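An overview of the molecular structure
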Amino acid sequence: MTTETGPSALQIDVARQILLLAKKEGWRTGHSINEKSLATRFGVSRSPMRAALEILQDKQLVRLIPNKGFVVAVDLNTEQYLNLLSASETESLKQQILRDRSVGQISQEVSENELTERYKVPRGTIRKALAQLSSLGLVHRQRGHGWAFVDSLDSSESLAESYRFRLAVELAGLMEPGYHAEPDELVSLLAAHEKILAQTEDDNEISRPDWLNLNSSFHEAVAAWSGNRFILQAVRMQNELRYLRELSAFDRLQRARIEKSLNEHIQVLRHIQTGDLDLAHTVLRRHLEQTLKAFERKVT
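Residues numbered from 1 in each chain as written. Predicted model: local features only at pLDDT ≥ 70, side-chain atom pairs only at ≥ 80, totals over all residues. Heavy atoms only, no water.

1. Here's the deal with the pairing of strand β1 (residues 62-65)
Across four bridges, β1 lies against strand β2 (residues 69-72) in antiparallel orientation. Opposite valine 62, over in β2, you have valine 72 as the bridge partner. From the end of β1 to the start of β2, which pair antiparallel, there are three residues, and asparagine 67 there has a positive phi angle of about 65°. (Pairing = 2+ DSSP bridges. Helix = DSSP H or I, 4+ residues; strand = E, 2+ residues; numbered from the N terminus.)

2. Structural notes on the packing of aromatic side chains
In this structure the tally under the stated criterion is zero aromatic pairs. The side chain of arginine 166 reaches across the aromatic face of tyrosine 163, ending 4.7 Å from its centre. (Phe/Tyr/Trp six-rings, centres within 6.5 Å; stacked < 30°, edge-to-face > 60°. Lys NZ or Arg CZ within 6 Å of the ring centre and 35° of its normal.)

3. Thoughts on unusual backbone geometry
Trans peptide bonds make up most of the peptide bonds, and negative phi angles are found at most residues other than glycine. For asparagine 67, which is not glycine, the phi dihedral falls at a positive 65°. Relative to the helices and strands, asparagine 67 is located in the loop between β1 and β2. At lysine 120, a residue that is not glycine, the phi angle is positive and equals roughly 55°. Within the fold, lysine 120 resides in the loop between α5 (112-119) and α6 (123-135).

4. As for the sheet that holds strand β3 (residues 109-110)
The strand order β3-β5-β4 describes an open sheet built from three strands, whose pairing is antiparallel. Strands at the two margins of the open sheet, each flanked by one partner only, are β3 and β4 (139-141). Strand direction decides the pairing type here: β4 and strand β5 (residues 147-149), joined by three bridges, are antiparallel. Residue pairing in the sheet places arginine 141 in a bridge with tryptophan 147 of β5.

5. Let's talk about helix α8 (residues 183-201)
With 19 residues, α8 should cover 27 Å at 1.5 Å per step; its first-to-last C-alpha distance of 27 Å lies within 8% of that length. Here α8 has its buried residues at Glu185, Leu186, Ser188, Leu189, Leu190, Ala192, His193, Ile196, Leu197 and Thr200. (Expected span 1.5 Å × (residues − 1). Buried < 20%, exposed > 50% of the residue type's maximum accessible area, 1.4 Å probe, protein only.)

6. As for α6
Under the 1.5 Å per step criterion, the end-to-end length of α6 is 18 Å for 13 residues, consistent within 8% with the ideal 18 Å. Residues Thr125, Ile126, Ala129, Leu130 and Leu133 constitute the buried set of α6. For α6, the angular spread of buried residues about the axis comes to 135°, placing them on one side. Exposed and oriented more than 90 degrees from the buried face of α6 are Lys128 and Ser135. On its buried side, α6 packs onto α4 (89-102), α5, β4 and β5. Among the residues trailing α6, glycine 137 stands out with phi positive, at a value near 80°. (Arc of directions from axis to C-beta. Contact = heavy atoms within 4.5 Å.)

7. Considering the pattern of salt bridges
Here the structure, examined in full by the defined rule, presents 13 salt bridges. For glutamate 112, the salt bridge goes to arginine 141, with nearest N and O atoms at 3.8 Å. Of this pair, glutamate 112 sits in helix α5 while arginine 141 sits in strand β4; the two residues are 29 residues apart in sequence, bridging distant segments of the chain. With relative accessibility at 53%, the residue arginine 141 sits in the exposed group. Of the charged contacts in the structure, one is a salt bridge between arginine 236 and glutamate 220, with a shortest N-O distance of 3.6 Å. Pair noted here: arginine 236 is in helix α10 (residues 229-246) and glutamate 220 is in helix α9 (residues 208-224), with a separation of 16 residues, a long-range link. Of the two residues, arginine 236 and glutamate 220, neither departs from the other in class, the shared state being buried. Here the salt bridges share partners, and the residues they tie into one network are Glu112, Arg123, Arg127 and Arg141. (Salt bridge = Lys/Arg side-chain N within 4 Å of Asp/Glu carboxyl O.)

8. Side note on the nonpolar core
Among soluble globular proteins, nonpolar side chains are generally buried collectively. Core analysis: the largest hydrophobic core is formed by 33 residues, its most contacted members being Val222, Trp225, Ile272 and Leu284. Beyond its immediate chain neighbours, meaning those up to four positions away, isoleucine 272 contacts Leu174, Tyr179, Ala181, Leu186, Val222, Trp225, Leu277 and Ala280. Counting 26 residues, the second largest nonpolar core, distinct from the first, contains Ile18, Ala39, Val44 and Leu61. (Core = buried A, V, L, I, M, F, W, Y, C linked by side-chain atoms within 4.5 Å.)

9. Let's talk about the confidence of the model for the protein
With 86% of its residues at a pLDDT of at least 70, the protein reaches an overall mean of 83. A low-confidence stretch, residues 1-5 (pLDDT under 50), is modelled with nine contacts involving residues beyond four sequence positions or located in other chains. (pLDDT = per-residue confidence, 0-100.)

10. Focus on the side chain of serine 37
Summarising the element assignment, serine 37 is placed in helix α2 (residues 35-42). Taking relative accessible area as the criterion, serine 37 reaches 14% and is therefore assigned buried. Residue contacts for serine 37: discarding those within four places in its chain leaves Glu182 and Glu185.

11. Things to note about the packing of α8 against helix α11 (residues 255-273)
The N-to-C vectors of α8 and α11 enclose an angle of 155°; their axes lie 10 Å apart at closest approach. It follows that α8 is roughly antiparallel to α11 by the angle criterion. The way α8 lies across α11 gives a crossing that is left-handed. For the pair formed by α8 and α11, the contact residues are Leu186, Val187, Leu189, Leu190, His193, Glu194, Ile196, Leu197, Gln199, Thr200 and Glu201 on the first element and Arg255, Glu259, Leu262, Asn263, His265, Ile266, Leu269, Arg270, Ile272 and Gln273 on the second. (Axes fitted to C-alpha atoms, helices over the stretch in contact; angles between N-to-C directions. Parallel < 35°, antiparallel > 145°, perpendicular 65-115°, else oblique. Left-handed = near helix turned anticlockwise from the far one by under 90°.)

In structure tokens, the structure reads:
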């Protein structure tokens, strides 16, 4: 619940994450929101998730239906509503640290003193930002002194290693007992994919952030539906590493490659929707292997 002094930074951050996900997946009015699924996906407990939804309810973006839960009150397939929520100081600092690290303005090993001096913010805020980055697996505390960023995906060799890891983890997720997709989330993901696919067919400009966010959302959702928190954490970390790399290294997106990936994602989602996890497994394996082989060829 929110306090008398207003929502906490965590509650605001979770509310913003919900809106970003809603935009990625094209949530429309009436979309049912599964609190438990979102809490698992964002790695928070039910309490801050409920508080975040109440913040959105106060903004009239979602509404609570008795005996059903929260549903979307307005179409949320736009970023305009993010302006209603101020990003916390910690979240803004975290993003700035990532951007600076991605372009080499921060070394791989860094101290809290260095970051405090660089950003002119209280040490407590620095520690909160580092703790959040640590929870994402992007930094870790050094023995005795300082912090170190993980090795980024900055070479064909590291990218190939990443995709071999993803093959093992993401395919294992589909084989988890009790695998179950959230129906509304799946339908929204399909609609978001088909929307961008229509843009490729109409030869319209494709928004790189939209594509990258949707790609990340797809892989995290497929992992989250496994019900295995460790698989989801591993996939989320790989997405964060990819994000860190792409802040500084933007490869030119090939329209044909995007279209192919969209169609493969849609195939996976359709097979999951019909309960044919074996076929979903086959398509997802082929999807990841194609990218892996491309990076392996660059290594050799």
